[in-house]
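The lines below spell out each chain.
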Amino acid sequence: MPTDPKLLLTPEEVEAVRAEIRGIIQAEGIPATQIAREAGIAYGTFSSWLGGTYAGRNDRIAAEARKWQATRQVRAETQAMAPAAPRFVATPSAELYLALFARAQHLPDFAVLVGLPGTGKSSAACHYTRNTPNVFKVMANPMMGSPRSVLDEIGRLTGTGGAGGLTPHALQRAIVQKLRGIGALIMVDEAQFLRSEALDQLRTLHDEAEVGLVLIGNPSIFGRLEGGSRSAEFAQLFSRVGLRHLRKEATKGDVDALLDAWGLQDEPARKMLHAIARKPGALRGMTKTLKLAHMLAAAEHAGAPGEQHIREAYGMISATDAKAAA
């Protein structure tokens, strides 16, 4: 314990922590800037403390560095227990999505992919983007509703934003010049967040650059385009939609493909996971449950998870009992 009650750590403990941090930097090549950021310490302060020249409360900086060490250890232990999940599984639904994206890109055409959460839309979109040239995937959010925000994001993805900033008209022109003639595809995930003006901006890019366009979202985006009191507002947009796909739920084939990819053979456990996949969250909720079940099984050195692990894992993330769900 510190001899001075005002000190959090003794000078000897401070020096020990400093030596440990230096050792981590040297052995693992972790930048000091990263450690400072993760520890919540200003880099200038952390750098001078690490070099032994800090004139302030060295014990306080050492205490924060020690917290970082402890958190880092817990993170490493948790990640070591986490299973190596398949990055992408070509489920039957995913195959349909990928075919839709390819048609939209190469015709080119305007496609709308609608589905409830957890039906594999985003996973397929990320896979297609990683493996196909000239695909630019925008992840919409509640703050991205205006035409300008859409142009800014596409400009960032295509490298046409300009260091000093461009007017909306100039940015649109730069994006059109960049995309025209290269067989590009613009994909917008979570498109339900976009306002009508932003959707119309995407239509303009689709027309002028002659690129494929895919809107991915929940059923509300299709409802806005196809009907209701605002249908006239979207007439020009809807008339350009050449490809549509609606996925209301995960299929049995989707679930089986994922469970096979995980190597799960236990039939009672598979049956329970099929039931979970029919709940809100679908494949996403099932996958989260399976990951946690693997960690529970690993903690018991039990190998692959069984029905009891699935039940316990689902109970940690849902108020519904997994057995009742089945």
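Quick notes on the rules
Residues numbered from 1 in each chain as written. Predicted model: local features only at pLDDT ≥ 70, side-chain atom pairs only at ≥ 80, totals over all residues. Heavy atoms only, no water. Helix = DSSP H or I, 4+ residues; strand = E, 2+ residues; numbered from the N terminus. Buried < 20%, exposed > 50% of the residue type's maximum accessible area, 1.4 Å probe, protein only. Contact = heavy atoms within 4.5 Å. Areas by Shrake-Rupley, 256 points an atom, 1.4 Å probe, with all protein chains shown as cover. Core = buried A, V, L, I, M, F, W, Y, C linked by side-chain atoms within 4.5 Å. Pairing = 2+ DSSP bridges. Axes fitted to C-alpha atoms, helices over the stretch in contact; angles between N-to-C directions.

(A) Just the overall build of the protein, in detail. Helix and strand counts for the protein stand at 16 helices and five strands. Buried residues in the protein amount to 44% of all 326 residues. Considering only residue pairs separated by 6 or more positions, the protein has 69% of its internal contacts joining residues 24 or more positions apart. Per element, the accessible surface of the protein, about 16600 Å² overall, is 54% carbon and sulfur.

(B) Summary view of the nonpolar core. Within the largest apolar cluster, 29 residues are counted, with the highest numbers of intra-cluster contacts made by Ile154, Leu179, Ile186, Val188, Leu194, Leu202 and Leu215. Elements supplying a minimum of two residues to this core: strand S1 (110-115), strand S2 (135-139), helix H7 (147-158), helix H8 (168-179), strand S3 (185-189), helix H9 (196-209) and strand S4 (212-217). Sorting elements by how many residues they give to this core places H9 first, with five residues. The next biggest cluster of nonpolar side chains, apart from the first, holds 22 residues, and it includes Ala269, Met272, Met286 and Tyr314.

(C) Highlighting the sheet that holds S4. The five strands lie next to each other as S2-S3-S4-S1-S5, forming an open sheet whose pairing is parallel. Lying at the two open borders of the sheet, with one neighbouring strand each, are S2 and strand S5 (241-247). On average, each strand axis in the sheet is tilted by 15° relative to the strand beside it, whichever way the strands run. The strands touched by H9 within the sheet are S1, S3 and S4, with S4 carrying the most contacts at an inclination of about 155°.

Remember that the coordinates give geometry; whether it matters functionally is a separate question.
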